[in-house]
Amino acid sequence: MKRRQFLASSAVAGAGCLIAPSLRLFGADAPSNKLNIALIGVWGRALAHYKAIENENVVALCDVNERRLGEASAKFPKAKHYVDWRKCLEQKDINAVICCTADHTHAFVANWAMNRGHHVYCEKPLANSVEEARVVRANFLKNRNKIATQCGTQRHEYENFNRVRELIRDGVIGELQQVSAWGNRQLRRPGYLPASGAPPSDFHYDLWIGPSAFHPYNPDYFSGGAGMNCLQWNMYWDFGTGQVGDMGSHTMDIAWNAIDAGLPLTAQAAGEPWNPEVSPVALEMHFEHPANDWRPPIQVSWYQGGVMPASPAPWVDLNKIGHGALFEGSKGALVSEFNARLIIPSGNGADMTYYKPRAKEALIPPMGNFQQEWIKACKGNLKTSCDFEYSGNMIEQMMLGLVAYRVGKKLSYDGATGRVTDVLEANEFLKRTYRPGWTLDG
Ligand SMILES: NC(=O)c1ccc[n+]([C@@H]2O[C@H](COP(=O)([O-])OP(=O)(O)OC[C@H]3O[C@@H](n4cnc5c(N)ncnc54)[C@H](O)[C@@H]3O)[C@@H](O)[C@H]2O)c1
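As the structure is a prediction and not an experimental result, all values here were calculated from the model.

Asker: Lay out the overall build of the chain in plain terms, naming residues and giving numbers.
Answerer: Across its full length, the chain carries 13 helices and 15 strands. For the chain, the C-alpha radius of gyration of 22 Å lies close to 22 Å, the compact-globule estimate for 442 residues. Judged by the C-alpha coordinates and their principal axes, the chain covers about 65 × 60 × 40 Å. Counting over 442 residues, the chain shows a buried share of 45%. Contacts in the chain between residues at least 24 apart in sequence constitute 67% of all its contacts with a sequence separation of at least 6.

What follows is the structure in structure tokens.
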């Protein structure tokens, strides 16, 4: 996959692009050249986007909680208000959408927005099933010459991501053989919460449930602080995919950025017993990826909830790194967390004479602010680091791993068709079932 090669496109003046040809004369950064943004989900994680968009036109605010709409209007007083994102997307002057809703509606909002020609920034995880990942990616690829997309894995802006990629590509650990990423967050939930009271009158709970199976209201689903409330609902299968979609999106990104992988050939997983209501705490997932033009076939793994890869050296305690990645090659290992890395040459021949550090001019340039990269891309060359092809492939792999976990067997996967080719019963778990009236690709 050559995600760093921008698909050259001059067709930025499509239906989804604000920039009228005359405005482009004044350049993408001209003050008059503003996006018309719909912010869907306006509180919690959305607060982290306020600064990035304060100089754009925020024309629509949508939240199932009317109280949050009231609070957000203090910052964006000109925006129209909605409680149903489907109605919001009918507003004609929108050309860019930021989605900060609960995980189980991300792929819906992203698809509907892209189908209307809008640029999309979608919080992670991009999808909650293999099918959702595939539909989002397909809609992006169909529209990539006129829209910019970004999945909200904002740690990607850390320059360490570039350094790790360069070191691996330049052979600091020899030939790459295996990559593991892990996360230690452990949220144990017994099962869906019991019914408790009625939702407040200004909270549209049925719209919050949206496409998922109905579960009775319980205020505990909404008792977390701003930007942390996702931890109150993301362990339940109908609302999220636990740490696989949550920190998995961020942490696998350290690995994904460096390995130029597409879809895996196989998936295999093991963990605590399958629970039909909540996602597992302890889990490991393994994927075989084919060779590409610079490396041999590799295994990619994800570990969570206290299950860890073996350390490359007894004196390196990987447990000290809450969220990290381990690259193993023929001449050593590289351990990385989000912001820093450690190189461990090992074995005979690991004298590092084979490795030539890059000249400063050859370093991958810093991407700058992650949200601004998307805003600039919407107004200009449409190029982003975590577009829905890159992030779509990554989350499809992770969701496939959850299917392997569910059936308890190693799966062979045909990424071209999106089908499991040997354990056929696994195919029914590639997609979620939606409530009547909700369309994934509307
Ligand atoms: N990138 C990051 O570092 C990061 C950090 C925290 C959360 N997140 C992601 O952001 C998302 C939101 O997380 P949160 O903790 O803010 O959750 P939250 O439960 O606080 O929801 C955020 C806001 O979205 C609204 N909302 C939920 N569903 C909606 C819908 N269908 N339509 C309109 N509004 C809706 C809520 O009422 C709330 O105001 C999650 O998907 C989470 O994974 C990302």
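Asker: Outline the nonpolar core, listing residues and values.
Answerer: General note: in soluble globular proteins, nonpolar side chains tend to be found buried as a group. Ranked by size, the top nonpolar core spans 100 residues in total, and within it Ala38, Ile40, Val97, Val109, Ala110 and Leu126 carry the most contacts. The element that contributes the greatest number of residues to this core is helix 13 (residues 390-407), accounting for ten residues. Counting contributing residues per domain, this core is built from domain 1 (21-156 + 371-388) and domain 2 (158-187 + 243-361 + 394-429), each supplying no fewer than three. For Ala110, the contacting residues outside a window of four places in its chain are Cys99, Val120, Cys122, Leu126 and Val136. Phe203, Trp208, Cys230 and Trp233 belong to the second largest nonpolar core, which has eleven residues in total.

Asker: Pulling in residues and values, what's your account of the domain arrangement of the chain?
Answerer: By the assigned domains, the chain splits into domain 1 (21-156 + 371-388) and domain 2 (158-187 + 243-361 + 394-429). On the side of domain 2, 14 residues touch domain 1, which itself brings 13 residues to the contact. Each residue belonging to the side of domain 1 that touches domain 2 can be placed in one class, and the counts come to five nonpolar, four polar and four charged.

Asker: Give a detailed account of the sheet that holds strand 14 (residues 411-414), specifying residues and quantitative values.
Answerer: Reading across the sheet, the nine strands line up as 13-12-11-7-10-9-8-14-15 and stay open at both edges, with mixed pairing between neighbours. Where the open sheet ends on each side, the last strands, each with one partner, are strand 13 (341-345) and strand 15 (419-420).

Asker: A description of the environment of Ala127 should follow, citing residues and the corresponding values.
Answerer: Checked against the element boundaries, Ala127 lands in the loop between strand 5 (119-123) and helix 6 (130-143). Look at Ala127 and you get buried, because 33 C-beta atoms sit within 10 Å. Taking the C-alpha atoms as reference points, Ala127 and Thr241, separated by 114 residues in sequence, lie 9.2 Å from one another. In contact with Ala127, other than residues within four places in its own chain, are His106, Ala107, Glu132, Ala133, Val136, Ile395 and Met399.

Asker: Run through helix 7 (residues 159-169), naming residues and quoting values.
Answerer: Along helix 7, the residues that are buried comprise Phe161, Val164, Leu167 and Ile168. Buried residues in helix 7, looked at end-on, bunch into an arc of 135 degrees, giving them a common side. Buried-residue contacts for helix 7 involve strand 7 (176-183), helix 11 (247-259), strand 11 (323-329), strand 12 (332-336) and strand 13. Where helix 7 ends, the next residue or the one after it, Gly171, has phi of about 80 degrees, a positive value.

Asker: Tell me about the site of the ligand, and please be specific about residues and values.
Answerer: By nearness alone, 30 residues border the ligand, and Gly41, Trp43, Gly44, Arg45 and Asn229 come closest of all. Looking at the shell around the ligand, its residues break down into 13 nonpolar, ten polar and seven charged.

Asker: Give me the lowdown on the environment of Glu284, citing residues and values where you can.
Answerer: Secondary-structure assignment places Glu284 in strand 9 (residues 283-289). It is 17 Å that separates the C-alpha atoms of Glu284 and Ile254, two residues lying 30 residues apart in sequence. In this structure Glu284 touches Ala269, Ala270, Gly271, Ser301, Trp302, Tyr303 and Val307, once residues within four positions along its chain are discounted.

Asker: Give me the lowdown on the packing of helix 11 against helix 13, citing residues and values where you can.
Answerer: Where helix 11 meets helix 13, the closest approach of the two axes is 10 Å, and the angle between their N-to-C directions is 115 degrees. Seen along the crossing, helix 11 lies across helix 13 with a hand that is right-handed. Here Gly248, Ser249, Met252, Asp253 and Trp256 of helix 11 lie close against helix 13, whose contacting residues are Met394, Ile395 and Met398. Classifying every residue of the contact of helix 11 with helix 13 gives five nonpolar, two polar and one charged.

Asker: Go over the pairing of strand 10 (residues 298-304), please, and point to the residues and values.
Answerer: Across the seven residues of strand 10, six count as buried, placing the element largely inside the fold. Bridge count for strand 7 against strand 10 is six bridges, and the pairing is parallel. Along strand 10, the bridge assignment pairs Trp182 with Tyr303. Where strand 9 meets strand 10, seven bridges bridge the pair, whose relative direction is antiparallel. Bridging across to strand 10, Met285 finds its partner in Trp302.

Asker: Go over the pairing of strand 2 (residues 57-62) with me, naming the residues and quoting the values.
Answerer: Taking burial as the measure, the six residues of strand 2 include five buried ones, the bulk of the element. Pairing analysis gives three bridges linking strand 2 to strand 3 (residues 80-82), with the strands arranged parallel. By the bridge assignment for strand 3, Cys62 is matched with Tyr82.

Asker: Tell me about unusual backbone geometry, residues and numbers included.
Answerer: Most peptide bonds adopt trans geometry, and most residues besides glycine take a negative phi value. Residue Pro125 is reached from Lys124 by a cis peptide bond, and omega for that bond is -10 degrees. The phi angle at Met352 is positive, at roughly 70 degrees, despite the residue not being glycine.

Asker: Go over the sheet that holds strand 2 with me, naming the residues and quoting the values.
Answerer: Two modes of strand pairing occur in sheets, parallel and antiparallel, and in both the strands are linked by backbone hydrogen bonds. Judged by pairing direction, the sheet is parallel, and its six strands sit side by side in the order 3-2-1-4-5-6 without closing on themselves. For this open sheet the edge positions go to strand 3 and strand 6 (149-152), each flanked by a neighbour on one side alone. Averaged over all neighbouring strand pairs, the angle between strand axes comes to 15 degrees, with direction disregarded. Two strands pair when backbone bridges link them, and strand 1 (residues 36-40) and strand 2 are joined in this way by five bridges, in the parallel orientation.

What counts as what
Residues numbered from 1 in each chain as written. Predicted model: local features only at pLDDT ≥ 70, side-chain atom pairs only at ≥ 80, totals over all residues. Helix = DSSP H or I, 4+ residues; strand = E, 2+ residues; numbered from the N terminus. Rg over C-alpha atoms; globule rule 2.2 N^0.38 Å. Buried ≥ 20, exposed ≤ 12 C-beta atoms within 10 Å, placed from the backbone. Contact = placed C-beta atoms within 7 Å. Core = buried A, V, L, I, M, F, W, Y, C linked by C-beta atoms within 7 Å. Domains from an automatic or database assignment. Nonpolar A, V, L, I, M, F, W, Y, C, P; charged D, E, K, R; others polar. Pairing = 2+ DSSP bridges. Arc of directions from axis to C-beta. Near = placed C-beta within 6 Å. Axes fitted to C-alpha atoms, helices over the stretch in contact; angles between N-to-C directions. Left-handed = near helix turned anticlockwise from the far one by under 90°.

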